[in-house]
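Descriptive structure summary
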Amino acid sequence: TPTPSPTCSNSGPVVRKTPLITFLEILQQTALNTLGPKNFDPKLYVDLSLKSNLSITQSAFDDLPRTPNGSVSVTDFNGFIQSYFNGAGEDLVYTEPVDFVSEPEGFLPEVVNREVRAWALEVHSLWKNLSRKVSDRVLDRPEFHTLLPLAKPVMIPGSRFREVYYWDSYWVIRGLLASKMYETAKGIVTNLISLIDEFGHVLNGARAYYTNRSQPPLLSAMVYDIYTRTGDIDFARKSSPALLKEHKFWNSEIHSVRIHDAEGCNRTLSRYYAMWNKPRPESSTIDIETASKLMNDSAKQHLYRELASTAESGWDFSTRWMRNGSDLTTLATTSIIPVDLNAFILKMELDIAFLANVTGDCTISVHFQEAAQARKQAMNSVFWTAEMGQWLDYWLSNGTTCRGHTWEASNQNRNIFASNFVPLWIELFNSDCTLVEQVMQDLRSSGLIRAVGIATSLTNSGQQWDFPNGWAPLQHMIVEGLARSGSKEARSMAEDIAVRWIRINYVAYKKSGAMHEKYDVEKCGEFGGGGEYIPQTGFGWWNGVVLAFLEEFGWPQDLNIDCN
Ligand SMILES: OC[C@H]1O[C@H](O[C@H]2O[C@H](CO)[C@@H](O)[C@H](O)[C@H]2O)[C@H](O)[C@@H](O)[C@@H]1O
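Presented here is a report on the structure given in the accompanying data block. Sequence order as written defines the numbering, with residues in each chain counted from 1. Under the rules for a predicted model, residues below a pLDDT of 70 receive no local features and side-chain atom pairs below 80 are neither given nor counted, while totals for whole chains, interfaces and linings still include all residues. Excluded from the side-chain calculation are hydrogens and water; included are all heavy atoms of the structure.

Attention now moves to the packing of helix H17 (residues 472-483) against helix H18 (residues 488-512). Across the interface, H17 lies against H18 with an axial gap of 7 Å and an inter-helix angle of 155°. Between H17 and H18, the angle is such that the two are roughly antiparallel. Seen from above, H17 lies across H18 with left-handed handedness. Across the interface between the two elements, Ala472, Gln475, Val479, Leu482 and Ala483 from H17 touch Ala490, Arg491, Met493, Ala494, Ile497, Ala498 and Trp501 from H18. Amino acids outside the nonpolar list (Ala, Val, Leu, Ile, Met, Phe, Trp, Tyr, Cys, Pro) and the charged list (Asp, Glu, Lys, Arg) are all regarded as polar, and Gly is one of them. In terms of residue class, the contact of H17 with H18 is built from ten nonpolar, one polar and one charged. Every axis corresponds to a line fitted to the C-alpha atoms, with the helix fit spanning only the stretch in contact, and the corresponding angles, defined between N-to-C directions, vary from 0 to 180 degrees. Runs of E in the DSSP output that reach at least two residues are strands. Runs of H or I that reach at least four are helices, and both are numbered from the N terminus. Each angle gets one of four labels, with under 35 degrees taken as roughly parallel, over 145 as roughly antiparallel, 65 to 115 as roughly perpendicular, and the rest as oblique. By definition, turning the near helix anticlockwise from the far helix through less than a right angle yields a left-handed crossing, and turning it clockwise yields a right-handed one. A contact between two residues is defined here by any heavy atoms of the two lying within 4.5 Å.

Pasting the structure below:
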């Protein structure tokens with residue numbers, strides 16, 4: 001792995017932290033000291049909402065009896081939580097989606113096997129479990145909550161993820177479209193647009209502690225897919241200003257990086273960069289512990305920005321972002337130009353051009369077609385390596401600023417990650433038969449295709465975005481890219497991966513009664529592990545990807561759904 005310069009991330013914007021978050025982080029630390037690390041989830045404490053004013057709550061907290069070393073008894077602590085807080089998740093209430101019917105007309109017509117069809121209907125019915133609306137209590141007293149008010153119902157991922165998440169929503173929407181729940185899908189987009197209106201970008205998730213960063217930008221893909229399914233031109237027109245604003249955010253000073261390439265041309269690409277240099281509030285105790293190995297405040301601030309920027313990537317955490325794969329303090333995300341982020345922004349540019357065309361705005365359409373061409377060329381010249389048949393992340397290692405790097409082949413990260421194949425998802429790439437042929441061969445020999453799905457990487461680091469975990473979004477983008485390429489061989493490879501993936505989900509569901517957040521791609525029916533929280537169930541994007549795969553490939557009567 002090349003060594004990046006740590007220089008471009010110490011300075012940079014930091015958003016304001018609310019007094020409620022500051023207090024809840026103190027509560028989180030006290031909870032850890034009082035209750036101990038077993039089964040401790042720091043996020044629980046920043047998701048609590050107040051029963052009365054912060055000042056009253058704070059003074060009751062200050063009045064709790066303390067031992068000489070400052071700790072509070074378990075009984076006093078639990079009593080305080082009960083008296084002064086509503087439970088985490090209580091500020092979102094169950095709501096039946098308006099467009100849910102138990103068997104929608106035209107639902108997965110190609111799924112003919114009775115067992116698989118019955119299960120697909122069960123997965124479809126899980127939308128009812130994950131559907132929530134923000135309680136009126138949040139609208140009345142927003143300052144009592146870290147949950148942000150949203151006008152329309154949301155689909156949550158599930159378990160500890162009690163709020164809506166940005167990139168998860170894309171695959172949730174793909175599932176909702178298969179479930180014919182168009183109103184719910186549009187409502188999710190309306191909510192995300194309201195976040196752009198208020199904060200200038202879609203937040204990582206709809207919580208006050210997520211305002212410092214975004215997540216992989218897929219809003220345009222949501223609008224595009226809903227529009228192509230429904231033909232709702234009014235929806236496309238209303239969404240357009242927000243997409244333009246989001247495009248600016250991802251090309252702003254903090255996110256954009258200029259590279260002088262091998263042909264002597266200047267290329268502009270984007271990176272992840274959180275507006276934060278403190279512990280992530282939802283994982284504050286963990287980040288403080290991680291940073292305790294560092295000696296000075298400046299090094300700690302640098303690490304905190306890297307931790308938050310990695311959360312912005314959606315891949316939190318992975319050796320992909322680390323100089324030393326066994327040491328999280330070596331995270332260097334802001335010094336990396338990621339392949340998948342630029343594929344998403346390229347898609348954003350193509351989607352904006354398409355939508356502007358259908359709504360009759362030719363100037364915008366032409367402008368974004370040109371922007372897409374420029375980004376495609378930049379991706380070819382900075383990321384692509386013909387020798388490996390992959391796009392490789394680029395590490396910024398020269399110079400002391402974030403502007404004006406000169407490209408060097410040795411700065412491409414030659415380690416294998418599923419993200420190296422994400423550009424296949426974009427039509428500008430998957431419509432090129434020769435390219436698809438080459439990438440497909442390399443994917444086959446990459447080591448990523450395992451018994452039951454595509455591994456995230458080849459390194460078993462204990463981080464959740466590494467081997468042997470497989471994640472729904474990565475399976476979906478690669479499979480869909482292959483399937484839509486027009487090559488028969490690529491489609492058959494895509495179908496093979498999708499079938500194995502559906503099986504892993506089915507078998508795990510039958511065994512445990514739940515859909516899981518991540519799976520072990522080595523063992524059919526086993527969920528994944530690693531990372532900073534225990535495995536979660538629910539799970540929004542898994543349900544979405546299963547339904548999207550069944551919609552794309554169907555399931556014939558005589559195809560076995562079990563592992564063997
Ligand atoms: O609390 C730790 C981190 O949790 C989230 O990340 C993980 O779950 C998300 C929801 O399913 C998913 O979008 C993300 O890719 C996962 O890594 C959260 O997004 C992080 O910001 C947070 O620090």
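Right, let's get into unusual backbone geometry. For the bond from Asp316 to Phe317, the omega torsion is 0°, close enough to zero to count as cis. A cis geometry characterises the amide bond from Phe467 onward to Pro468, with omega recorded as 5°. As for its placement among the helices and strands, Pro468 is situated in the loop between strand E14 (453-454) and strand E15 (469-470). Even without glycine at this site, Ser159 takes up a positive phi of about 50°. Type-normalised accessible area, obtained with a 1.4 Å probe on protein chains alone, sets the label of each residue: buried when under 20%, exposed when over 50%, and partly exposed for intermediate values. What makes Ser159 partly exposed here is its relative accessible area of 38%.

This part is about the state of the cysteines. Only a pair of cysteine sulfur atoms within 2.5 Å qualifies as a disulfide here. Under the definition given, this model contains one disulfide. The disulfide partner of Cys524 is Cys563, and the gap between their sulfur atoms is 1.9 Å. Disulfide Cys524-Cys563: the torsion about the S-S bond is -75°, which places it as left-handed. Here Cys563 lies in the segment after helix H19 (540-553) and Cys524 lies in the loop between strand E16 (519-520) and H19, a separation of 39 residues in the sequence.

Attention now goes to the site of the ligand. The nearness test applies per residue and asks whether one of its heavy atoms lies within 4 Å of the molecule or strand. Taken together, 22 residues surround the ligand, and among them Asp168, Asn204, Glu282, Gly314 and Asp316 come closest. Of the residues contributing to the shell around the ligand, the split by class is nine nonpolar, five polar and eight charged.

Everything listed here is a matter of coordinates, which is why it stays silent on function.
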